[in-house]
Amino acid sequence: MNEVFGYAVWFVQVCLVVAMLNATVRLFIGPAAQDRVLAFDAMYLNGMLLLLVLGIRSRSTAYFDIALLIALFGFLGTMALARFLMRGEVIEP
Amino acid sequence: METLPLWVTIPGTVLLVFGGVMILAGSLGLLRFPDFFSRLHGPATTATGGAAAVLLTSMLCSAAIAGRPMFHELVIALLLLVTTPVTSIVMLQAAVYRNRARLSHDPPAADPRTGRST
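Small disclaimer: the values here were computed from a predicted structure and weren't measured. Once a new chain begins, its residue numbering starts again from 1 and follows that chain's sequence as written. Note on labels: chains are lettered from A, ligands numbered from 1, in written order. Totals for whole chains, interfaces and linings use every residue, but because this is a predicted model, local features are given only for residues with pLDDT of at least 70 and side-chain atom pairs only at 80 or more, for both listing and counting.

We now examine the overall build of chain B. Along chain B, the regular secondary structure elements total four helices and zero strands. Segments assigned H or I by DSSP are reported as helices when at least four residues long, segments assigned E as strands when at least two residues long, and all are numbered from the N terminus. Going residue by residue from the N terminus, the α and β elements of chain B occur as α-α-α-α. Across the 118 residues in chain B, those meeting the buried criterion constitute 35%. Placing C-beta atoms from the backbone, we regard two residues as in contact once those atoms come within 7 Å. Considering only contacts in chain B between residues 6 or more positions apart, those separated by 24 or more positions represent 47%. Burial is judged by counting the other C-beta atoms within 10 Å of a residue's own C-beta: 20 or more makes it buried, 12 or fewer makes it exposed, and any count in between marks it as partly exposed, with every C-beta position built from the backbone.

In structure tokens, the structure reads:
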């Protein structure tokens, strides 16, 4: 059963890489700025999941902290970018 | 590479395949939907279905490695659960405001200081 689990991990890794490629395409061709922000949001989410799958694959728990930090800072970045798109400034005087 | 017990691999395989399909569906939606407001649904699918599957499998796997129940991944799940709607709402507000400002030649109808329409 471990081999089948290995194939499933491989499948999820391929899916995540394809998802990141799709997000990259949307990041480049996105017609408006909010599309690019959305593509950035999807990219950090996929990168975080890719790190978690890497942790499953290498049977290690060390990747968890990095994934947590990526989730935290990705949220902050998306929030700041969306706020900037709406108001033209991130921190209001 | 140590071998994992059966109570990890069988639910893990099912969850990983399900999560991979959800992730692919979300990214295809992000790529192929026609306008921004429908494109917003794609990453939400990834953040709910795909992330839940991968986080549950990671929790099972780390519990099997450590030999005791591990709930560390619930922190990431909680964080995603809280932050995903917030980012969706903020991006939606920005898109509505920008569309309105682009379509009208008058000064924008929403007050940029508060983000609400006057």
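On a plain count of helices and strands, chain A comes out with three helices and zero strands. In chain A, the order of α-helices and β-strands from amino to carboxyl end is α-α-α. The size measure is the radius of gyration over C-alpha atoms, and the globule rule it meets is 2.2 Å times the number of residues to the 0.38 power. A globule of 93 residues ought to have a C-alpha radius of gyration of about 12 Å, yet chain A, at 16 Å, is considerably larger. Taken along the three principal axes of its C-alpha coordinates, chain A extends 55 × 30 × 15 Å. Looking at chain A as a whole, 43% of its 93 residues qualify as buried. Considering only residue pairs separated by 6 or more positions, chain A has 44% of its internal contacts joining residues 24 or more positions apart.

The nonpolar core is taken to be a set of buried Ala, Val, Leu, Ile, Met, Phe, Trp, Tyr and Cys residues joined by way of C-beta atoms within 7 Å. Counting 54 residues, the largest nonpolar core has A:L16, A:L49, A:L52 and A:V53 as the members making the most contacts within it. When residues no more than four places from it in sequence are discounted, the contact partners of A:L49 are A:L16, B:G50, B:A51 and B:V54.

Right, let's get into helix α3 (residues 41-66) of chain B. All names here are of chain B. Helix span, as expected, comes to 1.5 Å for every residue beyond the first. For α3, with 26 residues, the first-to-last C-alpha span of 37 Å sits near the 38 Å given by 1.5 Å per residue. At A51, α3 shows its strongest bend, of approximately 35°. One or two positions beyond α3, positive phi appears at G67, with a value near 80°. Here the bend at each residue means the angle between axes fitted to two seven-residue stretches, the one ending at that residue and the one beginning there.

So, on to the environment of A:R36. Looking at the secondary structure, you find A:R36 in helix α2 (residues 33-57). Each residue touching A:R36, except ones within four places of it in the same chain, is listed here: A:L27 and A:G30.

A word on the interface of chain B and chain A. With 53 residues of chain B in contact, the opposing surface of chain A contributes 47 residues. Counting residues per element, the ones that place at least two in the side of chain B that touches chain A are α1 (6-32), α2 (36-39), α3 and α4 (73-103) of chain B. Sorting elements by how many residues they give to the side of chain B that touches chain A places α1(B) first, with 16 residues. Partitioning the side of chain B that touches chain A into residue classes produces 30 nonpolar, 19 polar and four charged. Any residue that is not Ala, Val, Leu, Ile, Met, Phe, Trp, Tyr, Cys, Pro, Asp, Glu, Lys or Arg is counted as polar, Gly included; the first ten are nonpolar and the last four charged.

This brings us to the packing of α2(A) against α3(B). Lines fitted to the C-alpha atoms define the axes, with helices restricted to the stretch that makes contact. Angles between their N-to-C directions range from 0 to 180 degrees. Relative to each other, α2(A) and α3(B) sit at 15°, their axes nearing to 10 Å. Here α2(A) is positioned roughly parallel relative to α3(B), judged by the angle of their axes. As for how α2(A) packs across α3(B), the hand of that crossing is left-handed. Contacts between α2(A) and α3(B) involve A:L38, A:D41, A:A42, A:L45, A:N46, A:L49, A:L52, A:V53, A:G55 and A:I56 from the first element and B:G42, B:P43, B:T46, B:A47, B:G50, B:A51, B:V54, B:L55, B:T57, B:S58 and B:C61 from the second. Class assignment of the residues belonging to the contact of α2(A) with α3(B) gives a composition of 13 nonpolar, seven polar and one charged. Orientation categories follow fixed angle ranges, with anything under 35 degrees roughly parallel, anything over 145 roughly antiparallel, 65 to 115 roughly perpendicular, and all other angles oblique. Left-handed describes a crossing in which the near helix is turned anticlockwise from the far one by less than a right angle; the clockwise case is right-handed.

Once that is clear, we can look at unusual backbone geometry. The phi dihedral of A:R59 falls on the positive side, at around 55°, and the residue is not glycine. By the element assignment, A:R59 lies in the loop between α2 and α3 (63-87).

Quick look at the environment of B:F37 now. Residues and elements named next belong to chain B. Looking at the secondary structure, you find F37 in helix α2. Look at F37 and you get partly exposed, because 14 C-beta atoms sit within 10 Å. Residues F37 and S27, 10 residues apart in the sequence, show an inter-C-alpha distance of 15 Å.

Here the focus is α3(A). All names here are of chain A. Along its 25 residues, α3 runs 36 Å from first to last C-alpha, staying within 8% of the 36 Å computed at 1.5 Å per residue. Three or more residues of α3 are buried, namely Y63, F64, A67, A71, F75, T78, L81, A82, L85 and M86. Residue G88 follows α3 closely and has a positive phi angle near 85°.

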